[in-house]
Amino acid sequence: MSWLVRQVRKVGCLCVLLYCAGTLVAPAQEFRGALRGVVQDARGGRVPAAKIVVQAAESSLRREASSDTRGEFRLDDLLPGAYRLRVIASGFAEASAEVSVAVSSVREITVTLKPLTVQETVIVDGPGSITTQPLDTASAVHQAIITAHDLETIPLAARSFANIAYLAPGTEPLEPSDPTKARITAVSTGGSSGLNNELSVDGGDNSDDWIGGFLQNFSPDAIQEFAMRTAQEDADTGGTTAASVVITTKHGTNEWHGSGAFYGRAASLNARFPIDNPAPDPKQPFSRQNYVGTLGGPIVKDQLWFFSSLEYVHENASIAYSPSSQTEFNALAQLASQGLISTPVGAVNSIAVPSSVPVPFRDYLATARLDWAQSTSSQWFLRAAIDNYITRNALVQQAALPSTGATSHNNYMSLVVGNQYTFGPNWVGSFVFNASGLHLTATRNANLGFALAFPFTSTLSTISGVETFGDNQFFTPITAFPVLRNQEKYQLRYDLSHVHGRHAPRFGVNFIHEPVLSGALAATAEYVYSPPQDPSFYLSNHQGQLAAIMSCNPNDPANQPPNPPCPFTTFTPAGDGSFSQNVQRLGIYAQDSWRASPHLTINYGLRYDTTFGFFIASGHDQSVNPALAGNGIVSGIPHDYRKAFAPRLGLAYGLGSSGNTVLRGGVGLYFNDLAQNGWVEAFNAVNNFNIQNASGPPSLIDPNYHTPYALHATAGVQHAFNASWILSAEYTLETGMHAYRRYDFPNVSVFRTDNRSSYNALALHLQGNVARRLNLVANYTLASAKTWGCQIGELFDYVNGVCDPFNAFAPGDYGPSGEDVRQRFVLAGTVHAPAGFDVTFLSQAETARPITLTTPVGDRVVINGVKSTLDQFRGTPYIQTDLRVSRPIKFHERWSLTPFIEFFNLFNRNNPGNNYVGDISALPIPVNDLANVTALCPDPTCSVPVTSGKQLLVPAGALGDFFGPGTTVGIPFAAQLGVKLTF
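Residues numbered from 1 in each chain as written. Predicted model: local features only at pLDDT ≥ 70, side-chain atom pairs only at ≥ 80, totals over all residues. Heavy atoms only, no water.

### Describing the overall build of the chain
Stage number 1. Looking only at helices and strands, the chain has six helices and 53 strands in total.
Stage number 2. What you see for the chain is a C-alpha radius of gyration of 29 Å, in line with the 30 Å of a compact globule of 983 residues.
Stage number 3. Dimensions of the chain along its principal axes, counting C-alpha atoms only, are 100 × 65 × 55 Å.
Stage number 4. Residues counted as buried form 61% of the 983 residues belonging to the chain.
Stage number 5. The contacts of the chain with a sequence gap of at least 6 include a subset with a gap of at least 24, amounting to 72%.
Stage number 6. As displayed, the chain offers around 34100 Å² of accessible surface, 60% of which is attributable to carbon and sulfur atoms.
Stage number 7. A distance of 10 Å separates the average location of the 63 positive side-chain charges in the chain from that of its 76 negative side-chain charges. (Helix = DSSP H or I, 4+ residues; strand = E, 2+ residues; numbered from the N terminus. Rg over C-alpha atoms; globule rule 2.2 N^0.38 Å. Buried < 20%, exposed > 50% of the residue type's maximum accessible area, 1.4 Å probe, protein only. Contact = heavy atoms within 4.5 Å. Areas by Shrake-Rupley, 256 points an atom, 1.4 Å probe, with all protein chains shown as cover. Lys, Arg positive; Asp, Glu negative; His and termini not counted. Charge placed at Lys NZ, Arg CZ, Asp CG, Glu CD.)

### Here we look at the environment of Leu586
Stage number 1. Mapping Leu586 onto the fold places it in strand 32 (residues 578-595).
Stage number 2. Leu586 has contacts with Val509, Asn510, Phe511, Tyr608, Asp609, Thr610 and Phe612, leaving out every residue within four places of it along the chain.

### Some words on the sheet that holds strand 15 (residues 223-231)
Stage number 1. As summarised here, the arrangement of the five strands in space is 10-15-16-13-14, forming an open sheet in which the pairing is mixed. Looking at which strands have only one partner, the edges of the open sheet turn out to be strand 10 (142-147) and strand 14 (204-205). (Pairing = 2+ DSSP bridges.)

### Quick notes on the pattern of salt bridges
Stage number 1. Tallied over the full model, the rule gives 41 salt bridges.
Stage number 2. When salt bridges with common partners are traced through the structure, they connect Arg46, Asp68, Arg70, Glu72 and Arg502 into a single cluster. (Salt bridge = Lys/Arg side-chain N within 4 Å of Asp/Glu carboxyl O.)

### A look at the pairing of strand 19 (residues 304-320)
Stage number 1. In the sheet, strand 18 (residues 287-300) pairs with strand 19 via 13 bridges, with the strands oriented antiparallel. By the bridge assignment, Leu295 is partnered in strand 19 with Ser308.
Stage number 2. Hairpin connection from strand 18 to strand 19: three residues lie between these consecutive antiparallel strands, with Asp302 at a positive phi of about 65 degrees.
Stage number 3. Note: strand 19 against strand 22 (residues 356-373), 17 bridges, orientation antiparallel. Bridge pairing in strand 22 places Glu311 opposite Leu365.

### Quick word on the packing of aromatic side chains
One pair of aromatic rings is described through two measures. These are the centre distance and the angle between the planes.
Stage number 1. Here the structure, examined in full by the defined rule, presents 32 aromatic pairs.
Stage number 2. Ring geometry for Trp895 versus Phe983: centroids 4.8 Å apart, planes at 20 degrees, classification stacked. Remark: Phe983 occurs in the segment after strand 53 (974-982) and Trp895 occurs in strand 50 (residues 895-904); sequence separation between them is 88 residues.
Stage number 3. Residue class for Trp895 comes out partly exposed when judged on its relative accessible area of 33%.
Stage number 4. Looking at Phe983, the relative accessible area reads 25%, which means it is partly exposed. (Phe/Tyr/Trp six-rings, centres within 6.5 Å; stacked < 30°, edge-to-face > 60°.)

### Examining the pairing of strand 43 (residues 838-846)
Stage number 1. With seven of its nine residues buried, strand 43 lies for the most part within the structure.
Stage number 2. One ladder, built from nine bridges, connects strand 42 (residues 823-832) with strand 43; its direction is antiparallel. Looking at strand 43, one finds that Gly829 is bridged to Phe841.
Stage number 3. Where strand 42 folds back onto strand 43 in an antiparallel hairpin, the turn is made up of five residues, including Ala835, whose phi is positive at roughly 65 degrees.

### Some remarks on helix 2 (residues 323-337)
Because an α-helix packs 3.6 residues into every turn, residues spaced three or four apart end up facing the same way.
Stage number 1. The end-to-end C-alpha distance of helix 2, which contains 15 residues, comes to 21 Å, matching closely the 21 Å that a straight helix rising 1.5 Å per residue would cover.
Stage number 2. Looking only at helix 2, the buried set comprises Ser325, Gln326, Glu328, Phe329, Ala331, Leu332, Ala333, Leu335 and Ala336.
Stage number 3. Considering only its buried residues, helix 2 is in contact with strand 26 (450-452), strand 27 (469-470), helix 3 (535-539) and helix 4 (543-551).
Stage number 4. Gly339 occupies a position one or two residues after helix 2 and carries a positive phi of about 80 degrees. (Expected span 1.5 Å × (residues − 1).)

### Looking at unusual backbone geometry
Stage number 1. Cis geometry marks the peptide bond from Ala279 to Pro280, where omega comes out at 10 degrees.
Stage number 2. As for its placement among the helices and strands, Pro280 is situated in the loop between strand 17 (257-266) and strand 18.
Stage number 3. Looking along the chain, the bond that leaves Pro561 and enters Pro562 is cis, with omega of 10 degrees.
Stage number 4. Looking at the secondary structure, you find Pro562 in the loop between helix 4 and strand 31 (569-572).
Stage number 5. The residue Gln232 is not glycine, and still its phi comes out positive at about 65 degrees.
Stage number 6. Position of Gln232 relative to the elements: it lies in the loop between strand 15 and strand 16 (244-249).

### A few points about the state of the cysteines
Stage number 1. Evaluation of the coordinates by the stated rule reveals three disulfides.
Stage number 2. Residue Cys937 pairs covalently with Cys942 via a disulfide, S to S 2.0 Å. Where Cys937 bonds to Cys942 through sulfur, the torsion about that S-S bond is close to 95 degrees, and the disulfide is right-handed.
Stage number 3. Cys942 gets classed as partly exposed once you look at its relative accessible area, which sits at 24%.
Stage number 4. When the cysteines of the chain that form disulfides are numbered from the N-terminus onward, they connect as 1-2, 3-4, 5-6. (Disulfide = S-S within 2.5 Å.)

### Re helix 4
Stage number 1. Buried within helix 4 are the following residues: Leu546, Ile549 and Met550. Taken end-on, helix 4 shows its buried residues confined to a sector of 95 degrees, consistent with a single buried face. Facing away from the buried side of helix 4, by more than 90 degrees, are the exposed residues Gly544 and Ser551. (Arc of directions from axis to C-beta.)

### Looking at the sheet that holds strand 26
Stage number 1. Ordered in space as 27-26-30-31, the four strands form an open sheet in which the pairing is mixed. Taken across any chain shown, the strands that pair with only one partner, and hence form the sheet edges, are strand 27 and strand 31.
Stage number 2. Taken together, the four bridges between strand 30 (residues 526-529) and strand 31 define a ladder with antiparallel strand orientation. Bridging from a neighbouring strand, Glu526 pairs with Thr572 of strand 31.

### Focus on the nonpolar core
Stage number 1. Residues Ile341, Leu452 and Leu952 are the most contacted members of the largest nonpolar core, which totals 47 residues.
Stage number 2. If you list the elements that add at least two residues to this core, you get strand 19, helix 2, strand 22, strand 26, strand 30 and helix 4.
Stage number 3. With five residues, helix 2 is the single largest residue contributor to this core.
Stage number 4. If we ignore the near neighbours within four places in the chain, the residues touching Leu452 are Leu332, Ile341, Glu467, Thr468, Phe469, Tyr529 and Met550. (Core = buried A, V, L, I, M, F, W, Y, C linked by side-chain atoms within 4.5 Å.)

### What about the confidence of the model for the chain?
Low pLDDT means the predicted coordinates in that region are not meant to be read closely.
Stage number 1. When pLDDT is averaged along the chain, the result is 87; 92% of the residues meet or exceed 70.
Stage number 2. In this model, residues 120-127 is a region of pLDDT below 50 whose contacts with residues beyond four sequence positions or in other chains number 40 contacts.
Stage number 3. Per-residue pLDDT stays below 50 along residues 960-966; that stretch engages in 33 contacts with residues further than four places along the chain or on separate chains. (pLDDT = per-residue confidence, 0-100.)

### So, the environment of Ala646
Stage number 1. Within the secondary structure, Ala646 is located in strand 34 (residues 644-655).
Stage number 2. For the pair Ala646 and Tyr608, spaced 38 residues apart in the sequence, the C-alpha separation amounts to 6.1 Å.
Stage number 3. Residues contacting Ala646, with those up to four places away along its chain left out, are Gly605, Leu606, Arg607, Leu669 and Phe671.

Following this line, the structure appears as structure tokens:
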């Protein structure tokens, strides 16, 4: 980091010293930044009534303030970017400096004035980066600022901005939880699945209120910077129990600027997946090209500017079938040729078995932004963005045939209008109007009326279904997923900030109106056959067992109560899978940043959130749910929660006069209503068709609904050894209450908010810069995340269930969450090598994630008479290094051409993560007894005794690029070539 590059001109007398100290999140409006500081003379005496002027480096945006009687000043709600700072005081020479302001942060400076003998100009900082974040003297918020420089230089395997979020302490990669949005990035924080995080772009809400997590994707080249806040956010932030991601997009300036880039990957640059695609099978096809362009500049200089970006992704990926999968597919094809795949809706006599399945993917991401300086007091911006993509053969996985796939088409759009009005030197108002929409469809590849689900198809990371052949049911062990989604969201937000002495109070209101939150579940008549053994078993002289399963018709009166039902077969009649909601959300907050002393800053506030119509669907509340009458479990209906008051308190204290060491701590409550998908069956039950026909699975929401919340308690210390090296240690405790759980009683499913969780973490962060040769950041996190569940345990997710609904907190049901990574280490940075080459690296290493082993009946495995516990076992540690080598070639004054090559998984490590065979009936070596495993059976005598559950752990293969960015199941070695032109 170029900390203070001095350009001294001896013409008058002034000296400016600026030292870094600030990432105060809440008192700086979350999608803007702030500047605060002290004006003093050469002896340290405070200088009151000094005039402070900041002007954007490349536009006419200008703000003014005056230092108070203590020589202190503060300017809130500044757009992120570079500014020219001028300080004018009677009896002193004018001081000037260049200073940068980051999103969601307060930059603190000290200005030292001298008599009129020398003039000094100071330029602060080189290109902003996560490796050059300043010392934080003002806040207890845990966050990292990721800049455009980071997005441009650090290798991104899937060109997703959230790949870089893993540089923030306390974050982890994970698979997306929604198979219909597999390309939308997910980031785990606080040991959760990431669905409980809040996301905003330019102040506009970008959270998915149906499934949770991120809603719309943006090109990295459209992003100016973003703040990854992992804990202890201030009162202006709601809609999260863990983290908040605050993004600001690029804007135009008085200088014309832009870029054009090409990124290319191909199968010839990839290594093989060792499990899915070993030699001598043909190498699975793959190619991807990204075409990116940006352009910005003045429409009317000093008044009106624009910026635009466009990225097109042309990808032809594929899913490869492992030898074991091909063996089972070929066995299934032979069974079909023998006439054994016969159902009430028809027979299948032939099944094609390819070596791989193409997965074409096309994506358009575009943004356009206008900024208008109406006056020195009023600035406006308008930003529009779209994300339109289509995936064919979506949902096909490593052990499923192409018939189970679908064509997924997603359309996202958003429009944000914002205004900042300066009422005076101490009052600033910020207004945001946001309109966004989503239209998603998923169309089956096959409509046979049935599906076959063999054990080998389902793995621990299977989120796209359990079907081996036939129709995709859009239903997994996690939940049901819609085949149609529509969402319209309108947001009005207003924040008012004021500076009064040592106080910087802020007040705000955020209202979201979602008149359309609707969609449909698959509702065609379907037979699903789930044989307990794999096809190869039935092909080897057990055809009669499969024939008995396939010939049993659930609609035959002989197979209906009081007679025994068909084993391993379910039938779902045709119905109406639609759901529709009209929901409103209101958030109000008040907070203050009080500089109680030169060393102590206290941030305190109170937030209140509530909803309207949260449990209304298709115009009905749950009182008309057909399952309510006589269910014997619950007797009332849920209502909007009205007690979500969330106090927040954060302290930051600087030790000594140098200000090089800061102690911080905080405590606060964080409420976040559940994503609606968790209880979609209860909403579907009250549409007009299902009310009249009492159809659909009986599902109810418990009347004692309580908005889930987390209690954050944090403490930490940060020390700057010098201007180039900063070390911090932060402790986080997050106690979760009233999270979701599903109770499957014999006659009805009930959704309750009674789960609990705990997350403890110690995070160490080091950033350093060595003489313009090396910039680096290193993070180490030691953590534990635990919750209650049956087969799956997640923090603040909709997937948790109970094994025994009459004993919901049974021994063995409490254990690690799916994202319980005990230790995680990240090292990233840039080496500025000789001859102008830049080598940028990103290395990640983490301990293995948890695994729960199950039986075909959905219970946890029993080994030698002892039932296993939730997530008792562990997969494989994840280790991956990505590398980028580039060589900028500069020509003319402002033009640069940068060819580069990027390497992902440089050492070609096999990273199966925790994607293991979860159902023990699908193990390649069978067990002797599914109800009580005591031996493995490589031969008829079952000669291998099982003495440890580790003997039952078998990697299931990779998920691959199909799942997009951020997966813990890593890709093999891959290289990407590209070139970027900037001006």
